[in-house]
Amino acid sequence: MTIDRSAFAQLVLANVRSYLRQPEAIFWTYGFPLIMVVGLGLAFNSDTEARLPFIVTQRAASDPIVQKLRADARFDVEVMEQDAALALLRRNRTPVVVSVDASGEVEYFFDPTNPDGTAARAVIDDAVQRAAGRADVVASVDRRTDAPGSRYVDFLVPGLIGMNLMGAGLWGIGFNTVDLRVRNLLKRMVATPMRRGHFLLALVGSRVVFFVPEMFFLLLAAKLLFGVPIAGSYASVLFVALSGAVTFAGIGLLVASRARTIESISGLMNLVMIPMWLCSGIFFSSERFPDAVQPFIQVLPLTQVINALRAVILVGEPLAAQAFPLGILALWCALSYTLAIRVFRWV
Amino acid sequence: MAVTCRQLFKRYETGRAAVDAVNGLDLEVRRGECFGLLGPNGAGKTTTVEILEGLIEPTSGDVEVLGMRWGGGRDHELRQKLGITLQETRLRDKLSVRETLRMFRSFYRDGIEPEAAMALVALEEKADAWISKLSGGQRQRVAVACALIGRPELVFLDEPTTGLDPQARRQLWDVVADIRRAGNTILLTTHYMDEAEKLCDRVAVVDHGRVIALGAPRDLISRLGGEHVIEFSLEPMDQRPVDADVFAAVEGVTQSTEESGRFVLTVSEPHRSIPGCLALLSRENLELKSLTTRHVNLEDVFVNLTGRHLRDD
Ligand SMILES: Nc1ncnc2c1ncn2[C@@H]1O[C@H](COP(=O)(O)OP(=O)(O)O)[C@@H](O)[C@H]1O
Ligand SMILES: [Mg+2]
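Quick look at the structure, then. Nothing here was measured: the structure is a model prediction, and the numbers come from that model. (Residues numbered from 1 in each chain as written. Chains lettered and ligands numbered in written order. Predicted model: local features only at pLDDT ≥ 70, side-chain atom pairs only at ≥ 80, totals over all residues. Heavy atoms only, no water.)

A word on the sheet that holds strand β5 (residues 82-85) of chain B. All names here are of chain B. Sheet architecture is open: six strands sit in the order β5-β6-β7-β3-β8-β9, paired in mixed fashion. Sheet topology places β5 and β9 (210-215) at the edges, where each strand pairs with a single neighbour. Looking at each pair of strands side by side, their axes are set apart by 15 degrees on average, direction ignored. Pairing geometry for strand β3 (residues 34-38) and strand β7 (residues 185-190), over five bridges, is parallel. If you follow Gly36 over to β7, its bridge partner there is Leu188. Across the sheet, helix α1 (residues 45-52) lies against β3, β6 (154-158) and β7, angled at about 155 degrees from β7, the strand it touches most. In this fold helix α5 (residues 136-148) packs onto β5 and β6, with an angle of close to 165 degrees to the strand it touches most, β5. (Pairing = 2+ DSSP bridges. Helix = DSSP H or I, 4+ residues; strand = E, 2+ residues; numbered from the N terminus. Axes fitted to C-alpha atoms, helices over the stretch in contact; angles between N-to-C directions. Contact = heavy atoms within 4.5 Å.)

It is worth spelling out the pairing of strand β2 (residues 17-29) of chain B at this point. All names here are of chain B. When strand β1 (residues 3-14) meets β2, the two strands line up antiparallel, connected through 10 bridges. Within the sheet, the bridge partner assigned to Thr4 lies in β2 and is Glu28. With antiparallel pairing between neighbouring strands as the criterion, β1 and β2 make up a hairpin whose turn holds two residues, including Gly15 at a positive phi of roughly 65 degrees.

The subject of this paragraph is the interface of chain A and chain B. On the chain B side, the residues contacting the 27 residues of chain A number 28 residues. For the pairing of chain A and chain B, the buried interface totals around 2,900 Å² over both sides, and the portion due to carbon and sulfur atoms is 54%. It is Arg183, Arg188 and Pro193 of chain A in chain A that bury the most area against chain B; as a group they hold 26% of the surface buried on that side. The shortest N-O distance in the salt bridge between Lys187 of chain A and Glu50 of chain B comes to 2.7 Å. Summed over the shared surface of chain A and chain B, the number is 17 residue pairs in polar contact (both at pLDDT 80 or more). Where the side of chain A that touches chain B is concerned, the elements lending two or more residues are α1 (2-5), α2 (7-20), α7 (152-182) and α8 (185-190) of chain A. (Buried area = accessible area lost by both parts, 1.4 Å probe. Salt bridge = Lys/Arg side-chain N within 4 Å of Asp/Glu carboxyl O. Polar contact = N/O pair within 3.5 Å; in protein donor to acceptor, adjacent residues only side chain to side chain.)

Listed below in structure tokens is the structure:
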């Protein structure tokens, strides 16, 4: 009875029902991110150690030292004629070509301006020298960093959650709003005594509410499949994700506030989302972009959502340490909601 | 008065051209009547009702609805008393009829239950069907049920039967007649003259954004000077053109027009005028190809006023 009479509850129910009754929408929110995590996780998460590939020329293949390299499990050695090998080197298909010249000296062909080439040459030369009997003069020990929490898949999961937050907020709000406008339903609703604020709140609220199970589903899947740990508290993860969901819902509302056709909203969405897809560090750290563009990248909401998610999920930082990312999100919220409500086209 | 509007103007500036969608329209709708705005497409009917509904700002003019004015701080109160169907609304596909009505009910302080609203439009058996599974006529009846759910004092129906098949139109007419009988005030727009004649107590004929005739359908018709129409066409005996005016001399004929070979005579008593016509034809050595009689309708009124038909097709 009370739910029947509450306009806000009825508006939320209408959104929730419309969403749940669209199987394709469920796929894009649950299925697609899961496929990304599994696919990319498997691709970058091999249990065997990475082996360094390089080429040995036919002439050097019978050299006893090169024989030892070929037996070394750290290397993936291919043998071929020198001309063919150098052609592959020029096309960047191998970092180094190893040969032996007429006087019996070991030769390394590589491009010193390519960091991979320089690094590979150093590793191979070290193996060659040791094979010939050189002893280390300084004691050293290797500390491995491929424990759960610091692998690529661990890095990836918060990025995908951020990406999903952005997609769900913008598409979920933006697309639905314009759809209602195209159907003339917005106009029909404001012809009733419905409070406009209830309508907007329900739109954002139902979107945000959906996001919580989505995110925990992804985190759970990542934990079960790849052992991705959650170092921080669930409450802080939830808080960061909700802040992101509310922010992207606001941006979705703003993008949809004037658009009259599905085509124009799709274009606007892409305009807003593509820079963030590219720059905000979903697949690799956003700090790898040049310093000159860093100010631009750091104010993007997705950059800060992902930074904060990585900090709480992977490092276990407390919420208090996320003041900067959360502050940027708060600014986006204030800006997008104020503007969206002011310019929203109801009829 | 349920609605009064005086000297209503609405101009749309579209690029270089300006369109005067409503051009000095006056209107008075009395409480308890079913009032129709009848006019061809583009006459300005939708623009007019959407101004009355408070959805569009007029360029100028004075509008009073149920004794209140839009923008006077009582809009919310006014909306509580109005029921509306827009010319075109596509309700949410994946909600059921009952869920849709329950949502609309929640917007109103006072109103009827979804079940009662479904009964009013005879859709009880579709209560749990999704909107996407309904026919055009059923969807339109859901739209009308949404308009009635807040127990409105005044109901606006914009082109309630456009695009529906004849059976669905008649079902909707029954619904509207029931609303009228329950004592509601109705303002509907239509470009179907039969709909206006059947449903409306009074009709304003609208063309180019202004009212060109106003009155009860019977009165508008009787102003043509006769109740009946004789329509006939002639065998092409020779190529001699026949002027419609020659039939105006026949006893009892008040109007005589010709349009692409069809002669249309307005008469008060067909049994007196037909013999006169036939006599005239045989004198002139003309032979009938067809002849029918019917009652005068609002289409004839519109043609008489504008020289055009209500519908292009
Ligand atoms: N939003 C608009 N912008 C520009 N012209 C419009 C707009 N709405 C209606 N018109 C024009 O105003 C005129 C009246 O339209 P309308 O009120 O819809 O007529 P009706 O409902 O009688 O068919 C038409 O010429 C139409 O093209
Ligand atoms: Mg219209």
